[in-house]
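Results of the structural survey
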Amino acid sequence: MGAAAIDLLYWRNVKQSGAVFSSVLLLLFSLTQFSVVSVGAYLALAALSATISFRIYKSVLQAVQKTDEGHPFKAYLEMEIALSQDQISKYADKILLYSNTCMKELRRLFLVQDLVDSLKFAVLMWLLTYVGALFNGLTLLILAVISMFTMPVVYEKHQAQIDQYVGLIRTQVNLVVGKIQAKIPGAKRKEE
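Model, not experiment: these values are computed from the prediction.

Conventions and cut-offs
Residues numbered from 1 in each chain as written. Predicted model: local features only at pLDDT ≥ 70, side-chain atom pairs only at ≥ 80, totals over all residues. Heavy atoms only, no water. Helix = DSSP H or I, 4+ residues; strand = E, 2+ residues; numbered from the N terminus. Rg over C-alpha atoms; globule rule 2.2 N^0.38 Å. Buried < 20%, exposed > 50% of the residue type's maximum accessible area, 1.4 Å probe, protein only. Lys, Arg positive; Asp, Glu negative; His and termini not counted. Charge placed at Lys NZ, Arg CZ, Asp CG, Glu CD. Phe/Tyr/Trp six-rings, centres within 6.5 Å; stacked < 30°, edge-to-face > 60°. Salt bridge = Lys/Arg side-chain N within 4 Å of Asp/Glu carboxyl O. Contact = heavy atoms within 4.5 Å. Expected span 1.5 Å × (residues − 1). Bend = angle between axes of the 7 residues up to and from the residue. Patch = residues over 30% accessible without salt bridge, like charges linked within 9 Å, V, L, I, M, F, W, Y side chains within 5 Å. Areas by Shrake-Rupley, 256 points an atom, 1.4 Å probe, with all protein chains shown as cover. Axes fitted to C-alpha atoms, helices over the stretch in contact; angles between N-to-C directions. Parallel < 35°, antiparallel > 145°, perpendicular 65-115°, else oblique. Nonpolar A, V, L, I, M, F, W, Y, C, P; charged D, E, K, R; others polar.

**Some remarks on the overall build of the protein chain**
- Helices and strands together make up the secondary structure of the protein chain, namely eight helices and zero strands.
- When the helices and strands of the protein chain are read in sequence order from the N terminus, they spell out α-α-α-α-α-α-α-α.
- Whereas a compact globule of 192 residues would reach a radius of gyration of roughly 16 Å, the protein chain reaches 26 Å, over 25% beyond that.
- Its C-alpha atoms give the protein chain principal-axis dimensions of roughly 90 × 40 × 35 Å.
- Relative to its full complement of 192 residues, the protein chain shows a buried share of 11%.
- When the 19 positive and 14 negative side-chain charges of the protein chain are each reduced to one mean point, those points stand 7 Å apart.

This is the structure in structure tokens:
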């Protein structure tokens, strides 16, 4: 993750983090009430209204003051926004690597290369059926955004206590997994 994203999530610049957090939440809450097409159209109309109003305002101001400042968005119109071939190939390579890794892992889990990992995956999928029954995907996305903006700050402030409790939970989980692996034949991991 880039330094700018980390600064955003840790609220280093409160105004910037607040603006991003509130606009993303507003967008997600809008999607709970309206379709994606409607939200996109409303956002485009709002942006167009703002830019057209600003352009007309600057034109009237130039006419009254008899100045020739030119187009108010000239700097943005002259900016290069095209993606280079290198950028496209870099992102395509990352997507390809991620896709291949996911497919290999899913093949390993579904074809039961390791019984314990496949059982863990089955339990996770079973738990996700309950999560899916309680929440829709958009609600989960809203909860994820809220967590992304709150968890890092909470962890930063209470790191010692959180690490202590996570350590306790981790040892208990390892004990339970060890007991289960000892009772299931063929479930012991091979030493690598």
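**Examining the packing of aromatic side chains**
- Under the counting rule described, the total for this entry stands at seven aromatic pairs.
- With a centroid separation of 6.0 Å and an interplanar angle of 75°, the aromatic rings of W11 and F149 are classed as edge-to-face. Here W11 is found in the loop between α1 (3–9) and α2 (14–33), whereas its partner F149 is found in helix α7 (residues 137–157), with 138 residues between them in sequence.
- Ring geometry for F21 against F149: centres 4.9 Å apart, planes inclined by 50°, an arrangement best described as tilted. Taken together, the positions of F21 in helix α2 and F149 in helix α7 put the pair 128 residues apart, joining distant regions of the chain. Pair check on accessibility: F21 and F149 agree, each one buried.

**Observations regarding the pattern of salt bridges**
- Inspection of every chain in the model, using the stated rule, returns five salt bridges.
- Linking D7 and R12 is a salt bridge whose minimum nitrogen-to-oxygen distance equals 4.0 Å.
- Taking relative accessible area as the criterion, R12 reaches 48% and is therefore assigned partly exposed.

**Quick look at the side chain of S118**
- Checked against the element boundaries, S118 lands in helix α6 (residues 115–134).
- Judged by its relative accessible area of 10%, S118 falls in the buried class.
- Ignoring sequence-local partners within four residues, the contact set of S118 consists of R108, L109, V112 and Q113.

**Here's the deal with α7**
- Over its 21 residues, α7 runs 30 Å from end to end, which matches the ideal 30 Å to within 8%, given 1.5 Å per residue.
- The largest bend along α7 reaches roughly 30° and is located at S147.
- Along α7, the residues that are buried comprise I142, V145, F149, P152 and V153.
- Its buried side turned inward, α7 meets α1 and α2.

**A few points about a nonpolar patch on the surface**
- Taken together, the side chains of L48, I52, I56, V60 and V64 define a hydrophobic patch exposed on the protein surface, amounting to about 480 Å² of accessible area.
- Tracing the sequence through the fold places L48 in helix α3 (residues 36–65).

**Focus: the packing of α7 against helix α8 (residues 159–183)**
- Two elements in contact, α7 and α8, have axes separated by 5 Å at closest approach and are oriented at 95°. For the element pair α7 / α8, the angle class is roughly perpendicular. Judged by residue contacts, V154, Y155, E156 and K157 of α7 engage Q159, I162 and D163 from α8.
- In terms of residue class, the contact of α7 with α8 is built from three nonpolar, one polar and three charged.

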